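# Chain and residue survey
Chain by chain, the residues run as shown.
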Amino acid sequence: MQLLLWPAYSPDMSPIEHVWDLMGQRLARDRRSAASKDELLLRIKAIWNSLPRADIQNLIDFMSRRIAALIAARGGYTKY
């Protein structure tokens, strides 16, 4: 496995950050308060299990484009 040098201030370049964002958006749409930590965890697991795998694969597939944009921006801001 090749290690990529990654600017510490660019965590949004990781595909998992986008997955967490999708999950957070879905969780925020549910206006009910969780009665317990266990109930919240069950909701989070249900959201995780319902995420379309094609959406996650798409994020992974476009990783090379995100890396190229980061290199072009010399570690600065990108649209990703």
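Reading the values: the criteria
Residues numbered from 1 in each chain as written. Predicted model: local features only at pLDDT ≥ 70, side-chain atom pairs only at ≥ 80, totals over all residues. Heavy atoms only, no water. Helix = DSSP H or I, 4+ residues; strand = E, 2+ residues; numbered from the N terminus. Buried < 20%, exposed > 50% of the residue type's maximum accessible area, 1.4 Å probe, protein only. Contact = heavy atoms within 4.5 Å. Core = buried A, V, L, I, M, F, W, Y, C linked by side-chain atoms within 4.5 Å. Salt bridge = Lys/Arg side-chain N within 4 Å of Asp/Glu carboxyl O. Axes fitted to C-alpha atoms, helices over the stretch in contact; angles between N-to-C directions. Nonpolar A, V, L, I, M, F, W, Y, C, P; charged D, E, K, R; others polar. Expected span 1.5 Å × (residues − 1). Arc of directions from axis to C-beta.

By the naming in an unreviewed UniProt entry, the protein is Transposable element Tcb1 transposase, taken from Trichonephila clavipes.

The topology assignment puts Arg66 in helix 4 (residues 63–72). Residue Arg66 is classed as buried on the basis of its relative accessible area of 3%. Once residues within four sequence positions are removed from consideration, Arg66 is found in contact with Met13, Pro15, His18, Leu59, Ile60 and Tyr80.

Of all hydrophobic cores here, the largest spans six residues; its members are Val19, Met23, Ile47, Leu51, Ile56 and Leu59. At the level of secondary structure, the elements contributing two or more residues to this core comprise helix 1 (15–29) and helix 3 (53–61). Apart from the residues lying within four places of it in its own chain, the contact partners of Leu59 are Pro15, His18, Val19 and Arg66.

Let us now look at the pattern of salt bridges. Applying the stated rule across the entire model yields three salt bridges. Salt-bridge contacts for Asp30 lead to Arg43; the nearest nitrogen and oxygen are separated by 3.7 Å. Separated by 13 residues along the polypeptide, Asp30 in the loop between helix 1 and helix 2 (37–50) and Arg43 in helix 2 bring together distant segments of the chain. When its relative accessible area of 12% is taken as the criterion, Arg43 is described as buried. In this structure, Glu39 engages Arg43 in a salt bridge whose closest nitrogen and oxygen atoms are separated by 2.5 Å. One end of the pair, Glu39, and the other, Arg43, are both in helix 2, four residues apart, so they sit about a helical turn from each other. Judged by relative accessible area, which is 25%, Glu39 ranks as partly exposed. One network of salt bridges, with partners in common, ties together Asp30, Arg32, Glu39 and Arg43.

Put simply, helix 3 and helix 4 touch, their axes get as near as 4 Å, and they point 35° apart. Contacts from Leu59, Ile60 and Asp61 in helix 3 reach Met63, Ser64 and Arg66 in helix 4. Residues that form the contact of helix 3 with helix 4 fall into these classes: three nonpolar, one polar and two charged.

In this model, helix 1 (15 residues) spans 22 Å end to end at C-alpha, consistent with the 21 Å of a helix rising 1.5 Å per residue. Pro15, Val19 and Met23 are the residues of helix 1 that are buried. Here the buried residues of helix 1 occupy an arc of 80° about the axis, which is enough to place them on one side. Where helix 1 is buried, its residues meet helix 2, helix 3 and helix 4.

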